[in-house]
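# Coordinates in review
Next come the chains, spelled out residue by residue.
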Amino acid sequence: MKTQLITKFLFCSIFIFSCLAFLPSTEAATVKQVKGKSVLLQLDGEQLKVGDQLFGVNSESKKTSIIQITKIQKDKALGRILKGKPTVNDTTELRTAGAAASTGSKSAAQPPARFIRQDMIKVGLNFKMTSDTIVSEQEDSFFIKEEVSMSGTNMGVVATLDYPLYPWLTLRGYGGYEMYKVTGTALRLSCATKSSTDCNVDINYLSLGGVLRFNYMLSSFQLWAGLGASIRHPISKKSTALKEENIALANSALVAFGADYHLSNKYFIPASVEYHYSFNTSESVPKIDQLALLIGFGMMF
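Description of the structure in this document.

Tracing the sequence through the fold places Ser-190 in the loop between strand S9 (169-185) and strand S10 (198-218). For Ser-190, the side chain forms a polar contact with the side chain of Glu-146, separated by 3.3 Å. Excluding anything up to four places from it in sequence, Ser-190 contacts Gln-138, Glu-139, Asp-140, Glu-146 and Ser-196.

Before going further, it helps to examine the pairing of strand S14 (residues 287-300). Counted residue by residue, S14 has ten buried out of 14 residues, so it is predominantly covered. In this structure, strand S7 (residues 122-139) lies alongside S14, joined through 14 bridges in antiparallel fashion. Paired with Thr-133 across the bridge in S14 is Asp-289. Relative to S14, strand S13 (residues 267-278) is paired through nine bridges, and the arrangement is antiparallel. Of the residues in S14, the one forming a bridge with Phe-268 is Gly-298.

The space that makes up the largest pocket amounts to roughly 840 Å³. Lining the largest pocket are 34 residues; nearest its centre among them are Ala-241, Leu-242, Lys-243, Asn-246 and Val-285. If you list the elements that add at least two residues to the lining of the largest pocket, you get S7, S10, strand S12 (250-262), S13 and S14. Residue contributions to the lining of the largest pocket peak at four residues, all from S7.

With that settled, consider the packing of aromatic side chains. Following the criterion strictly, the structure yields five aromatic pairs and no others. A centroid spacing of 5.8 Å and a plane angle of 25° characterise the contact between Tyr-267 and Phe-297, whose relative ring orientation is stacked. Of this pair, Tyr-267 sits in strand S13 while Phe-297 sits in strand S14, placing them 30 residues apart in sequence. Given the relative accessible area of 42%, Phe-297 is considered partly exposed. Lying over the aromatic face of Phe-55, Lys-63 brings its terminal NZ or CZ to 5.1 Å of the ring centre. Geometry around Phe-268 places Lys-122 over its ring, the cationic atom sitting 5.0 Å from the centre.

Conventions adopted
Residues numbered from 1 in each chain as written. Predicted model: local features only at pLDDT ≥ 70, side-chain atom pairs only at ≥ 80, totals over all residues. Heavy atoms only, no water. Helix = DSSP H or I, 4+ residues; strand = E, 2+ residues; numbered from the N terminus. Polar contact = N/O pair within 3.5 Å; in protein donor to acceptor, adjacent residues only side chain to side chain. Contact = heavy atoms within 4.5 Å. Buried < 20%, exposed > 50% of the residue type's maximum accessible area, 1.4 Å probe, protein only. Pairing = 2+ DSSP bridges. 1 Å grid on protein atoms, 1.4 Å probe; cavity = no way out; pocket = protein on both sides within 12 Å on 5 of 7 lines; lining within 4 Å. Points joined across faces, edges and corners; volume = space filled by probe spheres on them. Phe/Tyr/Trp six-rings, centres within 6.5 Å; stacked < 30°, edge-to-face > 60°. Lys NZ or Arg CZ within 6 Å of the ring centre and 35° of its normal.

Below, the structure written as structure tokens:
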């Protein structure tokens, strides 16, 4: 059962990341006016800076020119034509950030890796789907013990804030609301005060956590792996398998893998997979597992 759930989550993750790879990229700016060697650009939500170089791209998706930003004012920018001849309504793609590269080099004609700012704070809102498993020890009226496995698929909503420490290292904090409902069937009347074979746990949590993310930039994707910890506080609880007075804070360590697909230097789509290792296991509850899939929408500041 566990192997099937893991396979299902991995398949969903690969499917989501594959879909994100084919999303269209966002242009950096649009050419509004050309006069001699000067160009007036309309910015389209991108946070460019003086010194950035752009490719001019025509309606047939062919590169027509290389433009360097010389001045930025609100949602418009002035540029100097380094090479080629742009036309009005050409879109642009970021070529290099900051210092100019040699326009006469052979590598300048090659499609560049897309430049994404890695020094900005990221805020995201994520839908969370979890696969949860608990194994608890139960005892019937004849003092016969058995281990009952309970499982379920649940949902939640999580808000994240990613603070860049270095381009390759990010500190993530998050908080959210998570549902936790698992069910199982005992062989004997050992649940619900030894009157039923129906064993269940139903908890709603407020969760807080932190993750240290190790990043790797790949074109429009920021791939990452992370280690962290979480705390969940129950705001409602009921169970036929566990004593409610024993249901308190749930603490876990987690390992996560994810990718942020950058639509622009303002918006991105985050997706990740997490495994939570619980610190709340005991002799009566020998196993608590959670595998989670998160996908959402985010902004950078």
